[in-house]
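Now for the letters of each chain:
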Amino acid sequence: MTTTTTTRSPIEPTGPGDPAGPGAVELLIGGMTCASCAARVEKKLNRIDGVTASVNYATEKAKVSYPAGVEVADLIATVVRTGYTAEEPPPPRPAPEEPAPAAEDPELAGYRQRFTVTALLAVPVALLSMIPALQFDNWQWLALTLAAPAVVWGGLPLHRAAWTNARHGAATMDTLVSIGTLAAFGWSLWTLFLGDAGMAGMKDEFRFTVSRADGASTIYLEVAAGVIAFVLLGRYLEARSKRHAGAALRALMELGAKDVAVLRDGREVRVPVPELAVGDRFVVRPGEKVATDGTVVEGASAVDASMLTGESVPVDVGVGSAVTGATVNAGGRLVVAATRVGSDTQLARMARLVEDAQNGKAEVQRLADRISAVFVPVVLVIALATFGVWLGVTGDTVAAFTAAVAVLIIACPCALGLATPTALLVGTGRGAQLGILIKGPEVLESTRRVDTIVLDKTGTVTTGRMTLREVYADGGADADEVLRLAGAVEHASEHPVARAVAAGARERLGELPGVSDFENIPGRGVRGRVEGRAVAVGRLFDTLPDELARAKEAAERDGRTAVVVGWDGVARGVVTVADAVKGTSAEAVRELRALGLTPVLLTGDNRAVAEAVAREVGIDEVVAEVLPEEKVDVVRRLQGEGRSVAMVGDGVNDAAALAVADLGLAMGTGTDAAIEASDLTLVRGDLRVAADAIRLARRTLATIRGNLVWAFGYNVAALPLAAAGLLNPMIAGAAMAFSSVFVVTNSLRLRTFR
């Protein structure tokens, strides 16, 4: 029989969600402006002996594991020498009772201010340069006056980053923009002061493609100022979108209560939640949030956990029930004893698990990082080659220069760096809102491949608890009377079957009569005196009436446990119990089939029981009567048949099979061992969430792939166009900015996943 734990709270992630050990640290990285920066920092950290680092551009964090002898200060120094900043995240501070309005992100505010000023300067420059009718005498000097601060001050972050990287012998996307815009601006200065462009009455017009012109009278002020404005707009929208992408995680971390009414010497004292200690008793009134994980010691109510688990129906709780921090008391007054506080709470551990997934990297992202690391130097070579070829073929310096600048600007692969992390941010955050925790981005690839899903029976497809099913009475007895007397005697027993009979009798008939002279006969049943009658329940009767014998045989064929009930030495009825199938399991199996998965029921129960459950939920393939250690062999056998196997389980004895499966899904109502071994954790005990989890993971992976196709396709298509002289540099700048915005916006569509 599968071992399950049914008294746990919804989710208790361990392992990856736990605080980092002494050899692991998370660093906040500052100064990164593109995926090439992240790849460079990662490469430098990984060069330290024994260090393994993963740097995420979207979250601006580095997850680093390091050996003995390496200090965090050494890691930070390495990042600083690379040209960026690094620091450990500050410790969490107690939340104020009245939270202050959220301050605007300084990066976001800085980009908005710089873009606004630059755009106001660049627009008149572009109008003067593109429309000959507006070109009055000496208009070019006004254009220079407006363009200079746009290029120098507006583009300062880009030029500074390019210079920092150049000092360290590296090139990033900022290098491309900085060289391109400064080259255009420098050319314009040369023609204005040393060529013919500064003469009164000079006329110029905007061209969408490269064309022959007199180099001494051609200026590119609109290109220099316009590209800077477009890049700043792209960076602003990118920064704003990244904040939106991480909104689900921030919302999860902010769910908790800010203060709590603690019982001290019989009085209620309101204190900030961070001051709670394990063992403290606190009051939760109707409508209030439960301050931290705990056990109800007084009162009864219904608790709404929808914001944490996605489950819309409130759960009834009473004395002894476990409650989770951040859930809402929907009914009566509760007194709760705190069992976990601070970073040990389920909410905090869920948030860490989600953040770990967002900070990780899928294999497709590692490919993108490797490409980004070599892409910029290759583009610089292509730009030089473009200049040389144009100059050699046409002899036109202006045309050659224009084509080379267009190559530099159009090639910026910002979209490549954002394709994966933004989709991961949104997808994993949305999953957390729906009660689906994805342990790492590498899980996404597994969801695409799986074609078979193995379902543990007890606790996964079924409730894991014996439940009263049918009551059969002999012709001369009443079914309610059979159940009432059986329930009264079984109420005194601790056996799971006895508890199921007693609970079912109370539910159907209300209060049960008392029992005296109770006796437990090991392996056979129980007996006692109820209302003056000697009642026996179990295998205590040698002969049964034909009707009851047939009912007992039919129940056992269907995999149910049948107990005989009688009094005064005569068998009067048969009561059957079974591990009840969850009400949503059949629908879940249909949804899994719709995803192209073949369901397999796996259990240690006897075949009759397993086949009865399989028939009820619509599963054709059953593997029954396996020992816990044999579950791994079943998964490996299916893999040996060429199948890609997902496994859903909740018990300690499922942990090994979950780890061996191509994709492991643990029910959050299960044990720590199962959750630790799985790739996906389903916060609710509802099997339908497994289908939702696979759909979400596949949708996220599809979004990543769509982003990468766009980013790669854009650069592959745009570079030849620019090199062929078919793109003006300012058009190239606008297209480059649009590419990044498109990728981030596409990722944000995952927020609508249902």
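All of these numbers come straight from a predicted model, not from anything done at the bench. (Residues numbered from 1 in each chain as written. Predicted model: local features only at pLDDT ≥ 70, side-chain atom pairs only at ≥ 80, totals over all residues. Heavy atoms only, no water.)

Draft legend 1. Seen up close, the overall build of the chain. Along the backbone of the chain there are 25 helices and 26 strands. Within the chain, the proportion of its 754 residues that are buried is 53%. Contacts in the chain between residues far apart in sequence, at least 24 positions, make up 71% of those at least 6 positions apart. For the chain, the exposed area adds up to about 31100 Å²; of that, 56% sits on carbon and sulfur atoms. (Helix = DSSP H or I, 4+ residues; strand = E, 2+ residues; numbered from the N terminus. Buried < 20%, exposed > 50% of the residue type's maximum accessible area, 1.4 Å probe, protein only. Contact = heavy atoms within 4.5 Å. Areas by Shrake-Rupley, 256 points an atom, 1.4 Å probe, with all protein chains shown as cover.)

Draft legend 2. Expanded view of the pairing of strand β8 (residues 294–298). Across 2 bridges, the pairing between β8 and strand β11 (residues 322–323) is antiparallel. The partner of Gly294 across the bridge, within β11, is Val323. As judged from the 4 bridges shared by β8 and strand β13 (residues 334–338), these two strands associate in the antiparallel manner. Note on β13: the bridge partner recorded for Thr295 is Ala337. (Pairing = 2+ DSSP bridges.)

Draft legend 3. Quick peek at the sheet that holds strand β18 (residues 525–530). In spatial order, the strands read β16-β21-β20-β19-β18-β17; together these 6 strands make up an open sheet with antiparallel pairing. Both outer strands of the open sheet, β16 (462–473) and β17 (516–521), are each paired with one neighbouring strand and no more. Direction aside, neighbouring strands of the sheet carry axes that sit 20 degrees apart on average. By the bridge criterion, 7 bridges tie strand β20 (residues 561–567) to strand β21 (residues 570–581) in an arrangement that is antiparallel. Each residue of the ladder has a partner; that of Val565, found in β21, is Gly573. (Axes fitted to C-alpha atoms, helices over the stretch in contact; angles between N-to-C directions.)

Draft legend 4. Examining the pairing of strand β2 (residues 52–56) more closely. In terms of residue burial, β2 counts as a mostly covered element, since 4 of its 5 residues are buried. Pairing analysis gives 5 bridges linking β2 to strand β3 (residues 61–65), with the strands arranged antiparallel. Paired with Ala53 across the bridge in β3 is Val64.

Draft legend 5. Summary view of the packing of helix α4 (residues 139–154) against helix α5 (residues 156–167). Between α4 and α5, whose axes approach to 5 Å, the crossing angle comes to 45 degrees. Taken together, α4 and α5 sit at an angle that is classed as oblique. Residues Val151, Val152, Trp153 and Gly154 of α4 pack against Leu156, Pro157 and His159 of α5. The class makeup of the residues in the contact of α4 with α5 is 5 nonpolar, 2 polar and no charged. (Parallel < 35°, antiparallel > 145°, perpendicular 65-115°, else oblique. Nonpolar A, V, L, I, M, F, W, Y, C, P; charged D, E, K, R; others polar.)

Draft legend 6. Examining the UniProt feature "transmembrane region" (unreviewed entry) in the chain more closely. Summarizing the sequence annotation, UniProt attributes the feature "transmembrane region" (unreviewed entry) to residues 115–135, 141–163, 175–195, 215–233, 371–393, 399–426, 704–724 and 730–748 in the numbering used throughout. Between the first and last C-alpha atoms of residues 141–163 the distance is 28 Å; the span itself is 96% helix and 0% strand. From the first C-alpha to the last, residues 175–195 spans 28 Å; its make-up is 90% helix and 0% strand. (UniProt positions renumbered as here; feature names shortened; annotations may be inferred.)

Draft legend 7. Spotlight on the packing of aromatic side chains. In this structure the tally under the stated criterion is 4 aromatic pairs. For the ring pair Trp187 and Trp190, a centre distance of 6.0 Å and an interplane angle of 55 degrees mean the geometry is tilted. You can see Trp187 and its partner Trp190 sitting in helix α6 (residues 173–193), 3 residues apart, about one turn around the helix. Residue Trp190 is classed as partly exposed on the basis of its relative accessible area, which comes to 42%. Taking the centre distance of 4.5 Å and the plane angle of 40 degrees together, the rings of Trp710 and Phe742 count as tilted. Here Phe742 lies in helix α25 (residues 729–748) and Trp710 lies in helix α24 (residues 688–723), a separation of 32 residues in the sequence. On the accessibility criterion, Trp710 (29% relative accessible area) is partly exposed. What links up through ring pairs into an aromatic cluster is the set Trp187, Trp190 and Phe401. (Phe/Tyr/Trp six-rings, centres within 6.5 Å; stacked < 30°, edge-to-face > 60°.)

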